[in-house]
Amino acid sequence: MNHFSASAVRKAEPLIEIKSTDIAKKAKRTWKRQFLSVVILMLVAALSIPVLVGWAGNLWIDQKKLDHVEQLASGAYVKLDEMPDYVWQSFVSIEDHRFWKHHGVDFVAFARAIWTDVQAGSYVQGGSTITMQLARNLFLTQDKTVMRKAKEIAIAYQLEQRYSKKELLEMYLNVIYFGHGRNGIGSASQLYFGKEMNGTGSTAISLGEAAILASLPKAPETYSPLNNWQKAKQRQAVVLRRMVELGVITQAQKQQAQTGTVATERTLTPAS
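In this report, the structure presented in the accompanying data block is examined.

### Some words on the packing of aromatic side chains
In step 1: Using the criterion set out here, one finds 5 aromatic pairs in the structure.
In step 2: Measuring from centroid to centroid gives 6.0 Å for F91 and F178, while their planes differ by 80°, and the two rings are edge-to-face. On the criterion of sequence distance, the pair formed by F91 in helix α3 (residues 85-95) and F178 in strand β1 (residues 177-179) is long-range, its members being 87 residues apart. There is no split in this pair, since F91 and F178 are both buried.
In step 3: Between the aromatic rings of F99 and W100, the centroid separation amounts to 5.0 Å while the plane-to-plane angle is 70°, which identifies the pairing as edge-to-face.
In step 4: With relative accessibility at 0%, the residue F99 sits in the buried group.
In step 5: Over the face of the ring belonging to F99 we find K165, whose NZ or CZ atom lies 4.4 Å from the ring centre.
In step 6: Above the face of the Y223 ring, R235 is positioned so that its terminal group lies 5.6 Å from the ring centre.

### Observations concerning the side chain of H102
In step 1: If you trace the backbone, H102 turns up in the loop between α3 and α4 (107-120).
In step 2: A polar side-chain atom of H102 sits 2.8 Å from a polar atom in the side chain of D96.
In step 3: Leaving out residues up to four positions away in the same chain, H102 has contacts with D96, T129, T131, E160 and K165.

### Comments concerning the packing of α3 against helix α9 (residues 207-215)
In step 1: For the pair α3 and α9, the least separation of the axes is 9 Å and the interaxial angle reads 40°. Classified by the interaxial angle, the pair formed by α3 and α9 is oblique. With respect to the hand of their crossing, α3 and α9 are arranged in right-handed fashion. Along the contact surface, α3 presents Y86, V87, S90, F91, I94 and E95, while α9 presents L207, A210, L213 and A214.

Scoring rules and cut-offs
- Residues numbered from 1 in each chain as written.
- Predicted model: local features only at pLDDT ≥ 70, side-chain atom pairs only at ≥ 80, totals over all residues.
- Heavy atoms only, no water.
- Phe/Tyr/Trp six-rings, centres within 6.5 Å; stacked < 30°, edge-to-face > 60°.
- Helix = DSSP H or I, 4+ residues; strand = E, 2+ residues; numbered from the N terminus.
- Buried < 20%, exposed > 50% of the residue type's maximum accessible area, 1.4 Å probe, protein only.
- Lys NZ or Arg CZ within 6 Å of the ring centre and 35° of its normal.
- Polar contact = N/O pair within 3.5 Å; in protein donor to acceptor, adjacent residues only side chain to side chain.
- Contact = heavy atoms within 4.5 Å.
- Axes fitted to C-alpha atoms, helices over the stretch in contact; angles between N-to-C directions.
- Parallel < 35°, antiparallel > 145°, perpendicular 65-115°, else oblique.
- Left-handed = near helix turned anticlockwise from the far one by under 90°.

Structure follows, in structure tokens:
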């Protein structure tokens with residue numbers, strides 16, 4: 001009897017091993033299916049987000065305001081080709097040096113800004129690209145809220161789908177606020193230096209003057225050379241140093257721009 005029982009046990013052992021193997025294989029197949037499902041969901045989400053953001057951006061764009069800016073392009077509007085390269089380069093260098101590479105949002109700068117804000121416990125940096133700043137100036141308020149930032153991102157993404165980088169940069173330079181009631185780089189150049197953007201020779205905007213103009217979007221009234229010449233020069237130095245770091249200008253050009261004569265228009269006239 002004992003002999004029979006031992007034989008039965010020995011015969012049953014392979015069956016147990018087979019069942020264990022089947023369970024392991026089944027579990028492995030289940031894990032693979034679950035993993036594949038997660039990957040597919042992630043891919044669908046990644047593909048859907050741009051579509052949703054673009055859709056939201058369309059909703060928040062005021063077409064009348066956009067049409068107005070496009071109409072300006074055929075009138076009192078300064079084209080990139082009409083200004084020295086170092087003018088627009090100074091803005092790109094200090095405001096958004098990855099402007100030509102991103103699609104409206106610089107996620108590296110945005111993440112860094114969030115981390116800085118978290119550490120400071122307040123809204124210190126916004127991480128806004130030039131396109132995001134354009135979106136804010138055209139369609140939104142200056143309120144520092146999460147919803148406004150979400151709208152800014154969505155509109156920027158949509159603008160990047162509609163316009164070339166050159167067109168976006170031109171629009172930005174022609175609509176942003178420069179202080180003292182003046183919008184647009186042409187108006188700002190006349191206000192601060194009494195010069196036209198397409199001037200030549202002694203009437204041309206210098207590198208030093210361009211760096212002062214590029215310093216203004218951050219805080220127009222604070223860095224206005226008409227309000228505080230010392231702060232304006234300090235901010236100018238920051239812009240020029242950044243241009244050197246990015247290889248846009250040389251150290252010698254930086255020194256010359258900082259020490260060169262910058263004659264500001266000291267009498268403020270009402271904006272037209």
